[in-house]
Amino acid sequence: MAQEIKMSASGLKAMQDELEYLKTVRRKELAEEIKEARSHGDLSENSEYDEAKNTQGLVENRITELEQMVKNAVIIDESELSVDSVAVGTHVSIKMIGDDEAEEYDIVGRTEADPINGKISDESPVGHALLGKAVGEKLRSCCPPAIPSSTKCWPLPTPQTEPEREETMEEQKRNPAQGLSESEQVQVRRQKLADLQAAGNDPFTLTKFPQDAYSADLKEEFKDLPNETDSGKQVALAGRMMSKRVMGKASFAHLRDDKGDIQLYVRRDELGEEAYAAFKKLDVGDIIGVKGEVFRTKTGELSVRATELTLLAKSLRPLPEKFHGLTDTEMRYRQRYVDLIANPEVKDTFVKRSQILKEIRAYLDEKGFLEVDTPILTPFEIGASARPFYTHHNSLNMDMVLRIETELYLKRLIVGGMDRVYEVGRIFRNEGMDPKHNPEFTSIELYQAFTDFHGMMDLVEELYKRLALKICGSMVIPYQGKQIDIGHWERLTMVEAVKKYSGVDFNDWKSDEDAIASAKEHHVELPEVPTKGAILAEFFDAFVEDKLIQPTFIYDYPVEISPLAKRKPDDPAFTERFEYFIDCTEYGNASAS
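Small disclaimer: the values here were computed from a predicted structure and weren't measured.

Rules behind the numbers
- Residues numbered from 1 in each chain as written.
- Predicted model: local features only at pLDDT ≥ 70, side-chain atom pairs only at ≥ 80, totals over all residues.
- Heavy atoms only, no water.
- Helix = DSSP H or I, 4+ residues; strand = E, 2+ residues; numbered from the N terminus.
- Contact = heavy atoms within 4.5 Å.
- Pairing = 2+ DSSP bridges.
- Salt bridge = Lys/Arg side-chain N within 4 Å of Asp/Glu carboxyl O.
- Buried < 20%, exposed > 50% of the residue type's maximum accessible area, 1.4 Å probe, protein only.
- Phe/Tyr/Trp six-rings, centres within 6.5 Å; stacked < 30°, edge-to-face > 60°.
- Lys NZ or Arg CZ within 6 Å of the ring centre and 35° of its normal.

Undergrad: Run through the side chain of S215, naming residues and quoting values.
TA: You can see S215 is positioned in helix α6 (residues 215–221). Those residues in contact with S215 that sit more than four places away from it in its chain are L237, D257, K259, G260, D261 and I262.

Okay, here's the thing in structure tokens:
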């Protein structure tokens, strides 16, 4: 029996409207986009076609998901909500024990969860812990990053009773930031900054702090320090305050620096009355400098006992709410700086990317390749099928384009006598966007004389094995639930790959008509010009690509989809070209010229 999904009437209506739009409008739009993209010819470099096909799959998955949710929807009856305990549909005010401020949330079904806008799912750790709790009741829940925290809740059901409304107003008087919108919280923080500046304590006049230690280094240095023991080492740390727990004369906070997080122990007797009062007014997100002694607490957490605390920069905007962090995918990509603050593991991706580029350069340099820089602003010359960005050069009074490839200039260097060249550079293509295509991206393109595409396959395989060992420390890389074995690469011609995964043998097709009949039999979409080679490529898209999880070279591409590649002397219907795939995604493309 399908599980019931609780939601509001407005939530169900929004879901039904989305379902109707996807079925009646978006499906037709995507069909037209795919048809238009196909008319451009070569699909191997056609990001608009890839984008439309990917979006089509996502839309169909979403339609199936919505249909199931609508079918199992159960509408919340707000008239049945209790004013005595929390249930789905209840509005609650939650305050961390020891905090001065409370935060308000609606408890909703999982399909309507929107933490950024104050809606938490009844299936989330916090939402589930709140269910059934009464006004003023204390509870413990596990909040990211899985740190148990004590909270006290004030359920505020809709409609509120008069006593509850009065209690809420009184609580808001005691805690001015409670229930404020983000813009109102910004105003409160700006006022705090103005008060500091008026008192002659403007944090933005400070430009230097004598930082001499990092959290991760201290944890490594004192990993054997026993509980309830002082290290005797005085340190100066600097970073962003990520949490604050005020508990009378002593408080705890967490500071995040360039290498991780560390706990701060702040006591009024150690810091002084005035400095401790200033600390209590700090907001989560503020940049601070701390001096103190490293010690380990009774519970075993390495901490710094603060003897001096300095506000270095005031955070004027609140960080993403504490229970769920920044989860909205679009916001994470548009505001990378916020993503790095809320999700520190993202930084590791930036670090590894830098290490990978450094190691690629080292490998190619060792192989005798010369790194070069070629023009980004160029006349209208193309070596690939893509729509460029246009600009105008005022001094020369001529239109120019941002490069869509580095190919032509690199090939000219080969002609000029440089046997091995490469470039790591930005490429600009004024086309569609999807998870695999971006209008601006980094390309690594290299050319080598006196070798063939088999030699280039060897180079790619050797390079990836080196990167895996040096950057990740293993040939087996865990990625999105899969174990990718970089130590083993399969090599298949496109004909072999199609036969392996679809059972269809290209060599059985004696004519284009045979290929068309086979495509219809296997429900494979026919290309605009249905030749044997073009239909083979369609079989590859339909049956093979989504099976290539482990590293695989696919070579000998049909000439129909590789017009610029060199034809095989012994079989002109195919070209000396390969692509390699990892986790069902094309990672590179190469050919003989």
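After presenting the structure, the write-up continues.
Undergrad: Summarise the sheet that holds strand β16 (residues 398–402); cite the residues concerned and give the values.
TA: In spatial order, the strands read β14-β16-β15; together these three strands make up an open sheet with antiparallel pairing. Strands with a single pairing partner mark the edges of an open sheet, and in this sheet they are β14 (377–378) and β15 (390–393). Relative to β16, β14 is paired through two bridges, and the arrangement is antiparallel. Looking across to β16, one finds that T378 is bridged to V401.

Undergrad: Could you give an account of the pattern of salt bridges, naming the residues involved and the relevant values?
TA: Considering all chains together, one arrives at 39 salt bridges under this definition. A salt bridge links K347 to D258, with the shortest nitrogen-to-oxygen separation between them at 2.4 Å. With a gap of 89 residues between them, K347 in helix α11 (residues 346–366) and D258 in the loop between β9 (250–257) and β10 (260–267) connect regions that are remote in the sequence. Under the relative-accessibility criterion, K347 is labelled partly exposed at 31%. Overlapping salt bridges, with partners in common, bring together K192, D283, D286 and K314 in one network.

Undergrad: A description of the packing of aromatic side chains should follow, citing residues and the corresponding values.
TA: The relative placement of two aromatic rings is captured by the distance of their centres and the angle of their planes. Scanning the model with the defined rule gives 15 aromatic pairs in all. Both rings, one in F506 and one in F574, keep their centres 5.4 Å apart while their planes meet at 75°; by these two values the pair is edge-to-face. Of the two residues, F506 is situated in the loop between α14 (494–502) and α15 (512–521) and F574 in strand β24 (residues 571–582); the sequence distance between them amounts to 68 residues. Of the two residues, F506 and F574, both sit in the buried class. Chaining the aromatic ring pairs together yields one cluster made of Y464, W489, F553, F578 and Y580. Here the guanidinium or amino end of K244 rests over the ring plane of F279, the centre of that ring lying 6.0 Å away.

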